[in-house]
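Here are the chains, one letter per residue:
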Amino acid sequence: MRLRHPDGQVVHLAYGTNVHPAEDLPGILAQLATYATPMRERLGTDVLGLGLWLGAGVAAELAADAALRRRLRRELDARGLEVVTLNGFPYREFHAPVVKRAVYHPDWADPARLRYTLDLARILVDLLPDDAARGSISTLPLGWRDPWNGPQVARVWRALDALAEGSRRWRC
């Protein structure tokens with residue numbers, strides 16, 4: 001849903017899908033049909049923004065397959081839904097029986113967190129509305145004090161910069 005700030009800027013208000021369990025593309029499409037589309041209709045708006053949660057497995061699948069990303073984008077468009085933010089926290093099994101501290105793993109000390117975040121960035125580039133100035137990825141804090149170290153920050157930025165070079169829509 002788009003709102004206009006008094007200064008003229010467009011502000012995106014998004015419905016967070018992380019409240020609905022879905023670990024694969026069919027599950028995500030089902031949650032769009034079951035929850036997001038009816039929410040948009042109930043609000044009486046032409047377009048509803050989503051904060052789309054993608055677990056690591058489906059994110060890897062989508063990042064590796066441009067045709068699947070196009071399919072997801074077509075499904076979103078057909079339902080009057082748009083994505084300007086992806087939720088990358090937690091990594092997987094958001095609706096597992098016991099989540100607690102497990103949601104902080106893998107943290108940024110683990111290369112799996114970087115791979116997951118880069119997968120989300122690749123997906124977001126293709127899901128952003130054509131007129132969106134920018135998008136965002138919500139992720140976990142850097143991690144617990146141990147085993148985090150400074151060189152990992154540089155690795156994250158280098159990887160995001162490399163991705164940015166390949167897309168006119170991505171800025172770090």
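See the structure shown above.
Predicted model, so just to flag it, every value in this text is computed and none were measured.

## Describing the pairing of strand β5 (residues 81-87)
Right, on to step 1. Burial of β5 is extensive: seven of the seven residues sit out of reach of the surface.
Right, on to step 2. With six bridges joining them, strand β4 (residues 48-53) and β5 adopt parallel strand pairing. Counted as the bridge partner of Leu48 is Leu81 from β5.
Right, on to step 3. Across three bridges, β5 lies against strand β6 (residues 136-138) in parallel orientation. Looking at β6, one finds that Leu86 is bridged to Ile137.

## Regarding the sheet that holds β6
Right, on to step 1. Across the sheet, four strands lie side by side as β3-β4-β5-β6; this open sheet has parallel pairing. A strand with exactly one partner marks an edge of an open sheet, and here the two such strands are β3 (14-16) and β6. If you compare each strand with its neighbour and ignore which way they point, the axes differ by 40° on average.
Right, on to step 2. With three bridges connecting them, β3 and β4 associate as parallel partners. Among the inter-strand pairings, Gly16 is bridged to a residue of β4, identified as Gly51.
Right, on to step 3. Here helix α4 (residues 111-127) sits on the sheet in contact with β4, β5 and β6, set at roughly 165° to β5.

## Describing the packing of helix α3 (residues 66-78) against α4
Right, on to step 1. α4 packs onto α3 with a crossing angle of 45° between their chain directions and a minimal axis gap of 9 Å. The orientation of α3 with respect to α4, classified from their angle, is oblique. In this structure, α3 crosses over α4, and the sense of that crossing is right-handed. Across from Arg69, Leu72, Arg73 and Leu76 in α3, the residues of α4 making contact are Arg122, Ile123, Asp126 and Leu127.

Each value, and the rule that gives it
- Residues numbered from 1 in each chain as written.
- Predicted model: local features only at pLDDT ≥ 70, side-chain atom pairs only at ≥ 80, totals over all residues.
- Heavy atoms only, no water.
- Buried < 20%, exposed > 50% of the residue type's maximum accessible area, 1.4 Å probe, protein only.
- Helix = DSSP H or I, 4+ residues; strand = E, 2+ residues; numbered from the N terminus.
- Pairing = 2+ DSSP bridges.
- Axes fitted to C-alpha atoms, helices over the stretch in contact; angles between N-to-C directions.
- Contact = heavy atoms within 4.5 Å.
- Parallel < 35°, antiparallel > 145°, perpendicular 65-115°, else oblique.
- Left-handed = near helix turned anticlockwise from the far one by under 90°.

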